[in-house]
Amino acid sequence: MISHKDSMRILIADDDEDDRTFFSDAMMELKMNNKLTLFNDGKELMDYLANPDVILPHLLFLDLNMPRKSGFECLKEIRADLRFKDVSIAIYSTSSSEKDIEETFIEGANIYINKPNDFTELKKVVKEVLNINWQFHSSGLNKETFFFSI
Amino acid sequence: MKLYIKYDGIVACRVILQEQLERLDIKHKLLDLGEIEISDSVSDESFAELQTELNRYSIFIVDNEKSQLIQKIKDTIVEMIYQNDKLPTITISQYLAEKLNFSYGYLTNIFSEHTYSSIENFIIIQKIERAKKLIIEDQLTLTEVSYKLNYSSVAYLSSQFKKVTGLTPSAFKRIVDKRRNLSNLKK
Amino acid sequence: MKLAKFYKNSQVFKIALSIAIAVVCYIASVFYTQMRNLDSSVNLIANATETQLELEKVLSIISIYETNLRSYIITKDESYLENRFLRRGEIETNLKRINVLVANNPARVKDVKRLNELIDYRFTLFRETLLLAKSKSPNIEALKAKLQQSNNFTELMKNYVYKTINAEGDKVKIHNDNHQFELQDSIISAFLLVILSLLILLLSFNKMNVDINELKRANDELQFLNHSFNNAEKIAGFGHWKINLETNTYSFSDNFFRLLGMEPQSFVPSLENISKYLHPDDIDYVTQMHLESLQSYKPTSLMYRFVLPNGDLRYVMSAGSFTRNGKGQMVKTGVNYDMTEQHKRTIELEENNKELISINEELESFNNIVSHDLQEPLRKIQMFISRIESTEMDSISEKGRLYFNKIRISANRMQTLLIDLVNYSRTIKGDKVFEDTNLTELVHHIIEDLSSDIDDKKAKIDLGNLPTVKVISFQMEQLFINLISNSLKYSQEDIAPEISIFSKKIDQNEVFDNEIITDEDYYKIVVKDNGIGFKQEYAEKVFVLFQRLETGAKYSGTGLGLAICKRIVDNHNGFIKVVSEPNIGSTFSIFLPKKA
């Protein structure tokens, strides 16, 4: 079984530098021994994933509003590629509209995070997301029906 | 096209184990709850091969006794939630303690120490997981689901569902249905 | 009633009439035969009377003759014998007449023959007597004997004649009796005939009168209808037309012509003539559709334009269908409806609509700006505030900390305002999907979501049984969130908030939209608190956009919450009311229609 001592590979694509910083700071402060890679936009992320030898991440955070390639486009492309079928995708957006939440879930997202406006809150959210994702990976739960909106 | 399958993880796991062990000619006896009794000594090479083969299926040989116990706790919970058509009314803590012969306090401590969550949390996640299955695969109504899973009320089930998934059961069902329609369209 | 109906039924009347005529004919024929019989009886009687008269004449002639002869024998005066041959001739003519009279009575003919013989023998006796009397030496004895014989014979003859006369008289009597009888019958028959004829005449007259009256009334009604129809056409701006397919004749109503800007019936209705008024672009399509329909008998519904003589355009909707007239001929009838005004209005509406859509789009993009672009920097401000608060607060001066706290409060208030604005705009636009929603469950979820606020305030919330209603569920959520949050926010300082949410019977005199409403049509849901309340005079004002009663820093409202509530209830065709009293609390009542 996976022990929580194994590191979880996490990617995040967000065009906002501050948000990336908040995110990596939160991750660091959680001290959860994860390997986080940051991307400045969707295009950069997709270029990285295009490499066939890439080590697959466990979890991928996508901002929806990004120049060059939006999170929604990334989501569609990734879900169309069977290589990434085991990768959990978390949408990380300022939008809290039901429409966005439902649409991204329908297109294959697993997690939807409404960006918090409080750093403590952000840490809490990230922790919860990592936990639930870990549960799904480690306890043989059905990915098909894995949704988590926070 | 896309197929939707229903499977029993425990049975599948047992079949895989049996196949791999037989392939390597290891005399064995499958016990309940993730234990295998090996009668003969096994060579290091065979053991290593078994380990790598099983890893492919995300099956790991656990050597640590505590990890083993955690696995046993998980298996017991999963078994309890899935094996019976209707959950027994006995509390899970009582059930775990009886089944594993440890005090419930000890079990929760060990569990929380070695996983990211508590036993209660794990039980909730598993119950909601079963609820998802019942809603999607068996097309049961919330009332039926809450009866099967021993929820005191539909409202309680749906609020727990909302807590675990962030979605209401009806939104959940709508999303799954739409997702399936979408992928059928793509094919 | 039944009889009247029977009477009105012309079929029954026809049958009755023919029966009556048959009866009259029968009676007339009976009457005719009776009259014939009567006629022959009269003839017979006259005949018999005449015969009697003639016979008596014969007797009297013979008597005169005898008297004359006696007178001669006594006086020997030749003058008494002067007319003896004439007398014989008279008797001859009498007998001839009698013969004619009795010609068709064989028994009488025999009688007359016998009488003739008797007369002949009498005259022989006369002659013998005369010869005896004239002889120079009259044998008195012989003469006496001869006279005696003559006398006796005359007596015999008289008896015979009287017998015959009597026989004739008896016959006349019998005939006369019969005649009386027949006459009576005939009178009855004639009377009956007259009465019956009169009756039939009366009945026919009455029936005719009734029929004519009815016809007249129907005609009047038809005329009236026609008149109203013409008026209706004028007022409603439509004209009707008719085409007899058998005779290929067209007819247009008066208003049909008026719609073309023409005097009624100012030209001969025909396809060719009406085509002159069609808009050039419409001629081909209208003519084709029309002619096709004449083949297929399928109803037509066409929209086209007429160009009036003064150059005006008129938009016309023409609907036609097929039927058969009284003669069984196929007829196409239809109505032309002037749509010009509607058309203008539709175009106007379309333009307005376009404008509205673009306004809406602008509103939506504005909404996006508010919900996303404005919130982005604000969220970052809040993020940095929270980071500073957790790590840097110690190195800031007391005053700095105070200012900093004010920054945080302002930022939070701005966030609430932005969220409320988004929520408010979502109640204006957005998906309005009505679905059956269990309001108890919905409010239960809200209470869970608000649980941290509720716990902070140590509030007690009592949720009763609410109905399941067809609503826009996210809006309903918003409504209850706002109401409950309000109750929590505007609570009295030292009293733990108590909020109860329940459904209630509607009061008897509850009025909405000038109509008394009842439980039959509406649900009433109450949200009641024991908060600070307000003066009842503000009960209307609280629902107005950006109207705030409490402006103190203690109460951080945006002035949008209750406006959103009102909007949401409006969206559901319901209404919201509040009853409030300062320091006692507020009771909001939501009325939702049972039929969405």
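Quantities reported herein were computed from a predicted structural model and do not represent experimental measurements. (Residues numbered from 1 in each chain as written. Chains lettered and ligands numbered in written order. Predicted model: local features only at pLDDT ≥ 70, side-chain atom pairs only at ≥ 80, totals over all residues. Heavy atoms only, no water.)

Colleague: Describe the overall build of chain C, listing the residues and the values that go with them.
Modeller: Of the regular secondary structure elements, chain C holds 15 helices and 14 strands. Computed over the C-alpha atoms, the radius of gyration of chain C is 65 Å, more than 25% above the 25 Å expected from 2.2 N^0.38 for a compact globule of 596 residues. Along the longest, intermediate and shortest principal axes, the C-alpha atoms of chain C span 220 × 65 × 35 Å. The buried share of chain C, reckoned over its 596 residues, is 36%. Sequence separation of 24 or more characterises 66% of the internal contacts of chain C that already satisfy a separation of 6 or more. Total accessible area computed for chain C in this model is approximately 36,600 Å², and 56% of it derives from carbon and sulfur atoms. (Helix = DSSP H or I, 4+ residues; strand = E, 2+ residues; numbered from the N terminus. Rg over C-alpha atoms; globule rule 2.2 N^0.38 Å. Buried < 20%, exposed > 50% of the residue type's maximum accessible area, 1.4 Å probe, protein only. Contact = heavy atoms within 4.5 Å. Areas by Shrake-Rupley, 256 points an atom, 1.4 Å probe, with all protein chains shown as cover.)

Colleague: So, the packing of helix α8 (residues 154-165) of chain B against helix α12 (residues 439-449) of chain C: which residues are in play, and what are the values?
Modeller: Remark: α8 of chain B packs on α12 of chain C, axes separated minimally by 10 Å, with the N-to-C direction vectors making an angle of 45°. The angle between α8 of chain B and α12 of chain C falls in the class oblique. Considering only the axes of α8 of chain B and α12 of chain C, their crossing is right-handed. Seen from α8 of chain B, the contacting residues are Val154, Ala155, Ser158, Ser159 and Lys162 of chain B; seen from α12 of chain C, they are Glu441, His444, His445, Glu448 and Asp449 of chain C. Residue composition of the contact of α8 of chain B with α12 of chain C, by class: two nonpolar, four polar and four charged. (Axes fitted to C-alpha atoms, helices over the stretch in contact; angles between N-to-C directions. Parallel < 35°, antiparallel > 145°, perpendicular 65-115°, else oblique. Left-handed = near helix turned anticlockwise from the far one by under 90°. Nonpolar A, V, L, I, M, F, W, Y, C, P; charged D, E, K, R; others polar.)

Colleague: Give me the lowdown on the domain arrangement of chain B, citing residues and values where you can.
Modeller: For an interface, size is often stated in terms of accessible area lost upon the parts coming together. Along its sequence, chain B is carved into domain 1 (9-56) and domain 2 (65-186). Here the C-alpha centroids of domain 1 of chain B and domain 2 of chain B sit 28 Å apart. (Domains from an automatic or database assignment.)

Colleague: Could you give an account of the nonpolar core, naming the residues involved and the relevant values?
Modeller: Ranked by size, the top nonpolar core spans 67 residues in total, and within it Leu45, Phe61, Leu62 and Ile78 of chain A carry the most contacts. Looking at this core, the element that brings in the most residues is helix α5 (residues 119-138) of chain A, giving nine residues. Not counting residues up to four positions away in its chain, the partners in contact with leucine 45 of chain A are Leu11, Ala13, Phe39, Leu60, Leu62, Cys74 and Ile78 of chain A. Formed by 37 residues, the second largest nonpolar core is a distinct cluster that contains Leu439, Val443, Leu562 and Val578 of chain C. (Core = buried A, V, L, I, M, F, W, Y, C linked by side-chain atoms within 4.5 Å.)

Colleague: Before we move on, could you go through the interface of chain B and chain A and cite the residues and values that matter?
Modeller: The interface is formed by 32 residues belonging to chain B together with 27 residues belonging to chain A. Of the roughly 2,800 Å² buried at the junction of chain B and chain A (both faces included), carbon and sulfur atoms supply 57%. For the pair chain B and chain A, the number of links is two salt bridges. Across the pair glutamate 102 of chain A and arginine 174 of chain B runs a salt bridge whose closest N-O atoms are separated by 2.3 Å. A class-by-class count of the residues in the side of chain B that touches chain A yields 14 nonpolar, eight polar and 10 charged. (Buried area = accessible area lost by both parts, 1.4 Å probe. Salt bridge = Lys/Arg side-chain N within 4 Å of Asp/Glu carboxyl O.)

Colleague: Got a sec to walk through the interface of chain B and chain C? Specific residues and values, please.
Modeller: Tallying the contact residues gives five residues for chain B and five residues for chain C. Summed over both sides, the interface of chain B with chain C buries roughly 420 Å², with 53% coming from carbon and sulfur. Where chain B packs against chain C, one counts one residue pair in polar contact (both at pLDDT 80 or more). (Polar contact = N/O pair within 3.5 Å; in protein donor to acceptor, adjacent residues only side chain to side chain.)

Colleague: How would you summarise the sheet that holds strand β12 (residues 522-529) of chain C if you had to cite specific residues and measurements?
Modeller: Residues and elements named next belong to chain C. Strand order in the open sheet formed by five strands is β7-β9-β12-β14-β13, and the pairing between neighbours is mixed. Strands with a single pairing partner mark the edges of an open sheet, and in this sheet they are β7 (460-463) and β13 (575-581). For this sheet, the mean angle separating the axes of adjacent strands, direction not counted, is 10°. Pairing of β13 with strand β14 (residues 585-593) involves seven bridges; the strand directions are antiparallel. The partner of valine 578 across the bridge, within β14, is phenylalanine 588. (Pairing = 2+ DSSP bridges.)

Colleague: Tell me about the packing of helix α1 (residues 9-23) of chain B against helix α2 (residues 44-56) of chain B, and name the residues and values.
Modeller: Residue and element names in this part refer to chain B. Contact geometry for α1 and α2: axes closest at 10 Å, N-to-C directions at 150°. Here α1 lies roughly antiparallel to α2, going by the angle between them. The chirality of how α1 crosses α2 is right-handed. Each of Ile16, Leu17, Gln20, Leu21 and Arg23 in α1 lies in contact with α2, whose residues at this interface are Glu49, Leu50, Glu53 and Leu54. Classifying every residue of the contact of α1 with α2 by side-chain character gives five nonpolar, one polar and three charged.

Colleague: Just give me the short version of the side chain of histidine 290 of chain C, but keep the residues and values in it.
Modeller: Residue and element names in this part refer to chain C. If you trace the backbone, histidine 290 turns up in helix α8 (residues 280-296). In this structure the side chain of histidine 290 is engaged in a polar contact, spanning 3.4 Å, whose partner is the side chain of tyrosine 250. If we ignore the near neighbours within four places in the chain, the residues touching histidine 290 are Ile243, Tyr250, Leu271 and Lys332.

Colleague: Quick rundown of the environment of valine 100 of chain C? Include the residues and the values.
Modeller: Within the secondary structure, valine 100 of chain C is located in helix α3 (residues 84-101). Taking the C-alpha atoms as reference points, valine 100 of chain C and aspartate 436 of chain C, separated by 336 residues in sequence, lie 124 Å from one another.

Colleague: Please provide a residue-by-residue account of the pattern of salt bridges, values included.
Modeller: Counted by the stated rule, this structure contains 29 salt bridges over all chains. For lysine 380 of chain C, the salt bridge goes to aspartate 18 of chain A, with nearest N and O atoms at 3.3 Å. Here lysine 380 of chain C is found in helix α10 (residues 375-391), whereas its partner aspartate 18 of chain A is found in helix α1 (residues 17-30) on a different chain. Close ionic contact of glutamate 398 of chain C with arginine 401 of chain C constitutes a salt bridge, the shortest N to O distance being 3.1 Å. Of this pair, glutamate 398 of chain C and arginine 401 of chain C both sit in helix α11 (residues 398-428), separated by three residues, roughly a single helical turn. The partly exposed category is assigned to arginine 401 of chain C, whose relative accessible area is 29%. Three or more residues joined by partner-sharing salt bridges are found here, namely Asp14, Asp19, Asp63 and Lys115 of chain A together with Glu376 and Arg379 of chain C.

Colleague: Pulling in residues and values, what's your account of the sheet that holds strand β2 (residues 249-252) of chain C?
Modeller: Residue and element names in this part refer to chain C. The strand order across the open sheet formed by five strands is β2-β1-β5-β4-β3, and the pairing between neighbours is antiparallel. In this open sheet, the two edge strands, each paired with only one partner strand, are β2 and β3 (300-307). Neighbour-to-neighbour, the strand axes of the sheet open up by a mean angle of 25°, direction not taken into account. Two strands pair when backbone bridges link them, and strand β4 (residues 313-324) and strand β5 (residues 330-338) are joined in this way by nine bridges, in the antiparallel orientation. Within β5, the position partnered with serine 318 by the bridge is asparagine 336. Across the sheet, α8 is in contact with β1 (238-244), β2, β3, β4 and β5; its angle to β3 comes to roughly 150°.

Colleague: Account for the pairing of strand β3 (residues 59-62) of chain A, with residues named and values stated.
Modeller: Residues and elements named next belong to chain A. Here β3 shows a buried face lined by Leu59 and Phe61 and a second buried face lined by Leu60 and Leu62. Bridge analysis of strand β1 (residues 8-13) against β3 gives four bridges, and the strand direction is parallel. Looking across to β3, one finds that isoleucine 12 is bridged to phenylalanine 61. Sheet topology note: the β3/strand β4 (residues 88-93) ladder contains four bridges and is parallel.

Colleague: Go over a nonpolar patch on the surface with me, naming the residues and quoting the values.
Modeller: Taken together, Met1, Leu3, Ile5 and Tyr7 of chain B make up a surface patch of nonpolar side chains, about 510 Å² in accessible area. Relative to the assigned elements, tyrosine 7 of chain B resides in the segment before α1. (Patch = residues over 30% accessible without salt bridge, like charges linked within 9 Å, V, L, I, M, F, W, Y side chains within 5 Å.)

Colleague: Tell me what's going on with a negative patch on the surface, and back it up with residues and numbers.
Modeller: Residues Glu348, Glu350, Glu351 and Glu355 of chain C make up a contiguous surface patch of negative charge. Within the secondary structure, glutamate 348 of chain C is located in helix α9 (residues 340-373). (Lys, Arg positive; Asp, Glu negative; His and termini not counted. Charge placed at Lys NZ, Arg CZ, Asp CG, Glu CD.)

Colleague: Provide a residue-level description of helix α5 (residues 140-236) of chain C, including the pertinent values.
Modeller: Taking 1.5 Å as the rise per residue, α5 of chain C with 97 residues should run 144 Å; its terminal C-alpha atoms sit 137 Å apart, in good agreement. Following α5 of chain C by one or two positions, glycine 237 of chain C has its phi on the positive side, about 70°. (Expected span 1.5 Å × (residues − 1).)

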